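# Report on the structure
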Amino acid sequence: MDTIDRGNDPDFVWPYEDTSRVPFQVYTDEELYRVEQKKVFQGNVWNFLCLECEIPEPGDYKTTYAGDTPIIAVRDEAGNINAMVNRCAHKGSLVCYKPRGNVKELACVYHNWVYDLRGNLTAVAFRRGVGGKGGLTDEFKNSEHGLQRLRVEVFRGLVFGTFSEKTEPVADYLGDELVSAVDRVLIKPLKVLGYYSQIFKNNWKLYVENNKDSYHASLLHVFHNTFGVVRPNMGGGIKISDSGWHHLSYTERTDISDDEIVKENVRSKQDAYSLEDPTLMEHKLELGDNVTNNIQTIFPTLVIQQILNCLAVRQLIPKGVNESELIWTILGFEDDDEEMIQHRVSTNNLVGPAGFISMEDGAVGAWVQRAAKSDREALTVMPMGGRAIEPSQGSRVTEAAVRGFWKGWRECMEI
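This structure is a prediction, so every number in the text was calculated from the model and none was measured.

Residue placement: Tyr16 occurs in the loop between strand S2 (12-14) and strand S3 (21-23). Look past the residues within four positions of Tyr16 in its chain and what remains in contact with it is Arg21, Leu379 and Arg410.

Right, dumping it as structure tokens:
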């Protein structure tokens, strides 16, 4: 059994060689949360920061996060996108406190230290003091006090940042099959249609697990099963990157029988329900296939979503060991006509905090979190699909992708 040094607390122990069982302690332990901010989010990973289309012009910036570290993503005068920790090198105040804007330079309101759009310190108020008294000494060098920078890569319109010089290019990080899955959805220049934000009263890893758990969709979500977006006997499957870290779960509409669903007495299929506006379920086949539900995760916290014509990226932000925030960025394509935009806006009633599909996901994580606190020694059990981390064609009744996430977490945490 492997351990991690946790200071004065008993060592944390991973109970098995594989990841088919996970200790509840990973969701509730304050020290593990602190360590993973350093080893996961500031380690050898790509953190999703924003979309390229959100900061189209020089001086446009957006505040974002890598784990719980505040980040500024900004486009400079040359058109390049830079990312810096949103923390003044002087007293540590936030430099940008509005969610987005356009600036010629980055100035901290506390003591007016000024940075250019690449994070270099360019000016300090009262540098020479007042009346020849006070100020900075000659040993102070602007070049030594810039904002902490991240490496940035723009991939298919997605802006990623990493703290590590060792992180491989995004395409290699994902692998060919998962790159193809991104390419299938992000086929044209993107346009932001709006945002949702919601707070989960649970550890961030529980929401990541929820997205990688491919078989709960047809059990938990009444809308999915009742209206045929996702059913266990539909076509599709699971793809998993060679690393195990990233995954894709997809469902294809096919001519199917409901016999198996009836036999299993699945609670989520409710034939008495109907839609006042059936156009909500209209599926314009803009991506060239019959895939109704496409959920792709990129380790550690990005989700790329296609549900019918509802496109989005979801960015998960840890907010402490017991809380996390999910930002949904709702998307269309730049060349969408007004009819398509209105259709996307309508289908977005499926997602978000009160979405017909996603509202249940906002509840179940908190239920697990509450139960997990009661026993540090208890374990989750993930037997579906065996113990392997491998793709599954034609079936989503597997927890292989969840096991893959824990493989990535353990590798980052060196446990």
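Ordered in space as S4-S13-S12-S7-S6-S5-S8, the 7 strands form an open sheet in which the pairing is antiparallel. Bordering the open sheet on either side are strand S4 (47-51) and strand S8 (100-102), each of which pairs with just one other strand. For this sheet, the mean angle separating the axes of adjacent strands, direction not counted, is 30°. Strand direction decides the pairing type here: strand S5 (residues 60-66) and strand S6 (residues 69-75), joined by 6 bridges, are antiparallel. Residue pairing in the sheet places Tyr61 in a bridge with Val74 of S6.

Another point: the side chain of Asn309. By secondary structure assignment, the location of Asn309 is in the loop between strand S18 (302-307) and strand S19 (310-318). The class for Asn309 is buried, based on a relative accessible area of 0%. Setting aside its immediate chain neighbours within four residues, Asn309 contacts Glu282, His283, Lys284, Glu286, Met340, His343, Arg344 and Thr347.

Within the largest apolar cluster, 69 residues are counted, with the highest numbers of intra-cluster contacts made by Val26, Leu158, Phe160, Leu174, Trp406 and Trp409. Per-element tally for this core: the top contributor is helix H11 (residues 400-413), with 6 residues. Residues within four places of Val26 in sequence aside, it is in contact with Phe12, Trp14, Leu32, Asn203, Lys205, Trp406 and Trp409. Membership of the second largest hydrophobic core comes to 16 residues, among which are Ile72, Cys108, Trp113 and Leu147.

Another aspect to go through is a negative patch on the surface. Together, Glu168, Asp172, Asp176, Glu177 and Asp242 make up a region of like negative charge exposed at the surface. Looking at where Glu168 falls in the secondary structure, it is placed in the loop between strand S13 (158-162) and helix H3 (170-174). Relative accessible area serves as the criterion here: at 39%, Glu168 is assigned to the partly exposed category.

For the rest of this paragraph, the subject is the packing of aromatic side chains. Tallying each qualifying case throughout the model produces 14 aromatic pairs. Taken together, a centroid distance of 5.0 Å and an interplanar angle of 70° make the contact between Phe405 and Trp406 edge-to-face. Neither Phe405 nor Trp406 differs from the other in exposure class; each is buried. Here the aromatic residues Trp14, Phe24, Tyr27, Phe41, Tyr173, Trp204, Trp245, Phe299, Phe405, Trp406 and Trp409 are joined through ring pairs into a cluster of three or more. Directly above the ring of Tyr65 sits Lys319, whose terminal nitrogen or CZ lies 4.3 Å from the centroid.

Estimates place the volume of the second largest pocket at around 300 Å³. Lining the second largest pocket are 19 residues, and of these Thr63, Thr64, Tyr65, Pro99 and Ile317 sit closest to its centre. Taken together, domain 1 (47-154) and domain 2 (180-413) each give at least three residues to the lining of the second largest pocket, which thus spans both.

In this section: helix H2 (residues 30-41). Taking 1.5 Å per residue, 12 residues should reach 16 Å; H2 reaches 16 Å between its end C-alpha atoms and fits that length. All of the buried residues in H2 are Leu32, Tyr33, Val35, Glu36, Gln37, Val40 and Phe41. Sitting at the head of H2, Asp29 places a side-chain oxygen 2.9 Å from the backbone nitrogen of Glu31.

Attention now goes to the environment of Ile298. If you trace the backbone, Ile298 turns up in strand S17 (residues 291-298). Placed 125 residues apart in sequence, Ile298 and Tyr173 show a C-alpha to C-alpha distance of 9.3 Å. Among residues more than four places away in sequence, those in contact with Ile298 are Phe160, Tyr173, Leu174, His246 and Ile304.

Counting across every chain of the model gives 4 cavities of 30 Å³ or more. Reported here for the second largest cavity is a volume of approximately 70 Å³. Looking at the second largest cavity, it is lined by 13 residues, and the ones nearest its centre are Val208, Pro300, Thr301, Leu302 and Val303. Looking at the lining of the second largest cavity, the elements that each hand over two or more residues are helix H5 (204-212), S17, S18 and S19. The biggest single contributor to the lining of the second largest cavity is H5, with 4 residues. Here the lining of the second largest cavity is composed, by residue class, of 8 nonpolar, 3 polar and 2 charged.

Attention now goes to the pattern of salt bridges. The full count for this structure, using the stated rule, is 18 salt bridges. In this structure, Glu414 engages Lys39 in a salt bridge whose closest nitrogen and oxygen atoms are separated by 3.2 Å. Of this pair, Glu414 sits in the segment after H11 while Lys39 sits in helix H2, and the two are 375 residues apart along the sequence. A salt bridge links Lys201 to Glu323; the nearest nitrogen and oxygen atoms lie 2.6 Å apart. Here Lys201 is found in the loop between strand S14 (190-200) and H5, whereas its partner Glu323 is found in the loop between S19 and strand S20 (324-333), with 122 residues between them in sequence. Several salt bridges converge on common partners, so that one network encompasses Asp76, Glu77, Asp116 and Arg118.

Glancing now at the sheet that holds strand S9 (residues 106-107). Strand order in the open sheet formed by 3 strands is S9-S10-S11, with antiparallel pairing between adjacent strands. Both outer strands of the open sheet, S9 and strand S11 (121-124), are each paired with one neighbouring strand and no more. Bridging between strand S10 (residues 113-115) and S11 involves 3 bridges; their strand directions are antiparallel. Bridge pairing in S11 places Val114 opposite Ala123.

Attention shifts here to the confidence of the model for the protein. Taken residue by residue, the protein gives an average pLDDT of 89. The fraction at 70 or more is 89%. Within the model, the stretch residues 257-269 combines pLDDT values under 50 with 28 contacts to residues more than four positions away or in other chains.

Rules used throughout
- Throughout this document, residue positions are counted from 1 along each chain, in the order its sequence is written.
- Local features in this predicted model are restricted to residues whose pLDDT is 70 or higher, and side-chain atom pairs enter the listing and the counts only when it is 80 or higher, whereas totals over whole chains, interfaces and linings include all residues.
- Only hydrogens and water are set aside when side-chain values are computed; all heavy atoms of the structure are taken into account.
- Helix and strand assignments come from DSSP, with helices taken as H or I runs of at least 4 residues and strands as E runs of at least 2, each series counted from the N terminus.
- Throughout, a contact is declared for two residues whenever any of their heavy atoms are within 4.5 Å.
- Note on pairing: two strands pair once DSSP finds at least 2 bridges between them.
- Each axis is a line fitted through C-alpha atoms, and for a helix only the stretch in contact is used; angles between axes span 0 to 180 degrees, taken between their N-to-C directions.
- Exposure categories follow from relative accessible area, calculated using a 1.4 Å probe and restricted to protein chains: below 20% of the type maximum is buried, above 50% is exposed, and the middle band is partly exposed.
- Among buried residues, those of type Ala, Val, Leu, Ile, Met, Phe, Trp, Tyr and Cys that are joined through side-chain atoms within 4.5 Å constitute a nonpolar core.
- Each patch is assembled from residues with relative accessible area greater than 30% and no salt bridge, linking like charges that lie within 9 Å and nonpolar side chains (Val, Leu, Ile, Met, Phe, Trp, Tyr) that lie within 5 Å.
- In short, Shrake-Rupley with a 1.4 Å probe defines the accessible areas, and a residue's cover is counted only from the protein chains shown.
- Each reported salt bridge corresponds to a side-chain nitrogen of Lys or Arg within 4 Å of a carboxyl oxygen of Asp or Glu.
- For the charge count, each Lys or Arg is scored as positive and each Asp or Glu as negative, with His and the chain ends excluded.
- Charged side chains are reduced to one point each, which is NZ for Lys, CZ for Arg, CG for Asp and CD for Glu.
- Between the rings of Phe, Tyr and Trp (Trp by its six-membered ring), a pair exists once the centres lie within 6.5 Å; its type follows the angle of the planes, with under 30 degrees stacked, over 60 edge-to-face, and the other angles tilted.
- A ring has a charge above it when a Lys NZ or an Arg CZ is no more than 6 Å from the ring centre and no more than 35 degrees off the ring normal.
- Within this scheme a cavity is a closed region of a 1 Å grid, computed over the protein atoms alone, that accommodates a 1.4 Å probe without allowing it to escape, whereas a pocket is open but has protein on both sides within 12 Å along at least five of seven lines; lining residues each have an atom within 4 Å of a point.
- Grid points are joined across faces, edges and corners, and a volume is the space filled by probe spheres set on the points.
- Residue ranges assigned to the domains are those given by an automatic or database domain assignment.
- Helix span, as expected, comes to 1.5 Å for every residue beyond the first.
- A 3.5 Å cut-off defines polar contacts: any pair of N or O atoms within that distance qualifies, except that in protein one atom must be a possible hydrogen donor and the other a possible acceptor, and neighbouring residues in sequence count only when both atoms are side-chain atoms.
- Each residue is assigned to one of three groups, with Ala, Val, Leu, Ile, Met, Phe, Trp, Tyr, Cys and Pro labelled nonpolar, Asp, Glu, Lys and Arg labelled charged, and all others, Gly among them, labelled polar.
- Each residue carries a pLDDT score, the predictor's own confidence in it, on a scale running from 0 to 100.

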